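# Structural description and commentary
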Amino acid sequence: MKIRANGINVEVEDSGGSGPAVLLIMGLGMQLIAWPPEMVQALVDAGFRVIRLDNRDIGLSDKFDHLGHPNLVWESIKYKLGLSVKAPYLLQDMAADALAVLDALNVSEAHVVGVSMGGMIAQRVALAAPQRVLSLTSIMSSSGARGLPQAKPHVMRVLMSRPNGKDSASVLEHYVKLFKAIGSPGFPVDEALLRERISVGARRGFHPAGTVRQMVAIAADSRRAAELKTLRLPTLVLHGKADPLVPFACGEDTARRIPGAKLIGIEGMGHDLPPGVVQRLLEPLVPHLKAAGAAV
């Protein structure tokens with residue numbers, strides 16, 4: 001369903017119910033359908049109201065093509081040199097979108113769970129409105145601090161590349177290559193299933209220009225790492241020890257910066273959510289959410 005939030009139209013899926021709300025925020029260029037159904041259902045079965053959204057510029061939410069197409073190469077060079085990155089919008093704006101979705105749904109407080117860029121947005125939500133966050137869970141994400149290990153070179157090459165054509169077959173092959181590059185070596189995914197999920201996502205909403213703007217928003221958020229020390233809320237950091245895109249050290253750094261945060265590293269997990277990884281995530285996540293709710 002479409003919700004008017006923060007002045008834009010945001011696509012939202014809400015499981016409903018009277019249980020504590022869990023807001024799920026997806027990563028770079030990914031849509032709300034990228035949350036595995038078994039993960040969503042497990043949270044619902046545990047008594048939670050699960051709210052998912054398409055971030056701005058992606059999926060069925062409003063696009064921001066009117067803000068132009070950033071020069072990704074130039075902004076990347078500026079980032080590496082420690083210069084200010086100019087972004088069409090910021091992660092703070094995306095966090096404001098998420099909070100406005102909660103407002104529109106009359107949700108006063110929620111557990112906030114984000115993966116990858118979604119974890120960064122979740123951190124921004126907690127910093128902007130800590131009184132509304134029952135707990136924070138940052139999955140395969142980062143504080144954004146300077147000097148942290150970067151993605152493996154072969155992963156960056158795939159991430160920065162583009163499909164060979166605009167036809168559906170070229171798009172499919174590009175994303176199959178990408179997900180294989182960042183996938184979990186300890187939890188291989190059946191290729192037929194991977195192809196089907198990518199195809200469904202591409203048919204629902206394919207908007208690479210939005211992904212570029214989101215990438216620049218990530219690079220522009222240079223102060224978040226220093227601000228995380230101000231958080232005082234139950235925090236769980238989950239990270240794959242075999243993540244080739246956002247290395248495990250990034251999860252360690254995030255947990256170190258947030259007072260009292262608990263870090264759990266998962267052997268064999270890369271930068272995706274295959275069934276085996278989902279089960280490993282749920283094992284600590286559900287107790288974390290319940291304990292944080294009980295402590296309120």
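Scroll up to find the structure this text is about.
Let me sum up the structure you'll find in this document. (Residues numbered from 1 in each chain as written. Predicted model: local features only at pLDDT ≥ 70, side-chain atom pairs only at ≥ 80, totals over all residues. Heavy atoms only, no water.)

### Side note on the overall build of the protein chain
The condition that has to hold: Comment: elements are numbered from the N terminus, with helices defined as DSSP H or I runs of at least four residues and strands as E runs of at least two. Only C-alpha atoms enter the radius of gyration, while the globule expectation follows 2.2 Å times N to the 0.38, with N the number of residues. Exposure categories follow from relative accessible area, calculated using a 1.4 Å probe and restricted to protein chains: below 20% of the type maximum is buried, above 50% is exposed, and the middle band is partly exposed. Exposure was quantified through the Shrake-Rupley algorithm and a 1.4 Å probe, taking into account, for residues, occlusion by the shown protein chains and nothing else. For this count, His and the chain ends are skipped, Lys and Arg are scored as positive, and Asp and Glu as negative. Working definition for charges: the position is that of NZ of Lys, CZ of Arg, CG of Asp or CD of Glu.
Along the backbone of the protein chain there are eleven helices and eight strands. In terms of overall dimensions, the protein chain is globule-like: its C-alpha atoms have a radius of gyration of 18 Å, near the 19 Å expected for 296 residues. Expressed as lengths along the three principal axes of its C-alpha atoms, the size of the protein chain is roughly 50 × 45 × 40 Å. Taken over 296 residues, the protein chain has a buried fraction of 54%. When the accessible surface of the protein chain is summed, it comes to about 12,800 Å², and 55% of that surface belongs to carbon and sulfur atoms. Between the centroid of the 33 positive side chains of the protein chain and the centroid of its 27 negative side chains there is a distance of 6 Å.

### Notes on unusual backbone geometry
Positive phi, normally seen in glycine, also occurs at Ser-116, with a value near 55°. Looking at the element boundaries, Ser-116 is found in the loop between strand S5 (110–115) and helix H4 (117–128). One non-glycine residue, Met-140, adopts positive backbone phi at about 40°. The buried category is assigned to Met-140, whose relative accessible area is 3%.

### Comments concerning the side chain of His-239
So the rule is basically this: Any pair of nitrogen or oxygen atoms within 3.5 Å is treated as a polar contact; in protein, a donor-acceptor pairing is required on top of that, and neighbouring residues in sequence qualify only through side-chain atoms on both sides. Residues are treated as being in contact if the distance between any of their heavy atoms lies within 4.5 Å.
Among the structural elements, His-239 can be located in strand S7 (residues 235–240). Among the polar contacts listed, one links the side chain of His-239 to the backbone oxygen of Val-246, at a separation of 2.6 Å. Look past the residues within four positions of His-239 in its chain and what remains in contact with it is Met-140, Ser-141, Val-246, Pro-247, Phe-248, Cys-250, Gly-251, Ile-264, Gly-265, Ile-266 and Met-269.

### Things to note about the pattern of salt bridges
Opposite charge on two side chains makes pairing possible when the charged atoms of those side chains draw close. We count it as follows: Note on definitions: salt bridges are taken to be side-chain nitrogens of Lys or Arg within 4 Å of carboxyl oxygens of Asp or Glu.
Counted under the stated rule, the structure contains 19 salt bridges. Notably, a salt bridge pairs Arg-124 with Asp-221, separated by 2.8 Å at the nearest N-O pair. Here the residue Arg-124 occupies a position in helix H4, and Asp-221 occupies one in the loop between helix H8 (208–220) and helix H9 (224–227), the gap between them amounting to 97 residues. Among the ionic pairs, Asp-253 bridges to Arg-257, the shortest N-O distance being 2.8 Å. With a gap of four residues between them, Asp-253 and Arg-257 both fall in helix H10 (residues 248–257), about one helical turn apart. Shared partners join several salt bridges into a network, and the residues in it are Arg-124, Asp-221, Arg-224 and Glu-227.

### Things to note about the packing of helix H2 (residues 72–80) against H8
Rules: For every element, the axis is a line fit to its C-alpha atoms; helices are fit only across the contacting stretch, and the angle between N-to-C directions ranges from 0 to 180 degrees. Orientation is classified from the angle alone, with under 35 degrees giving roughly parallel, over 145 giving roughly antiparallel, 65 to 115 giving roughly perpendicular, and any other angle giving oblique. Each residue is assigned to one of three groups, with Ala, Val, Leu, Ile, Met, Phe, Trp, Tyr, Cys and Pro labelled nonpolar, Asp, Glu, Lys and Arg labelled charged, and all others, Gly among them, labelled polar.
With their axes 10 Å apart at the nearest point, H2 and H8 run at an angle of 10° to one another. Between H2 and H8, the crossing angle belongs to the class labelled roughly parallel. Across the interface between the two elements, Leu-72, Glu-75 and Tyr-79 from H2 touch Val-212, Met-215, Val-216 and Ala-219 from H8. In terms of residue class, the contact of H2 with H8 is built from six nonpolar, no polar and one charged.

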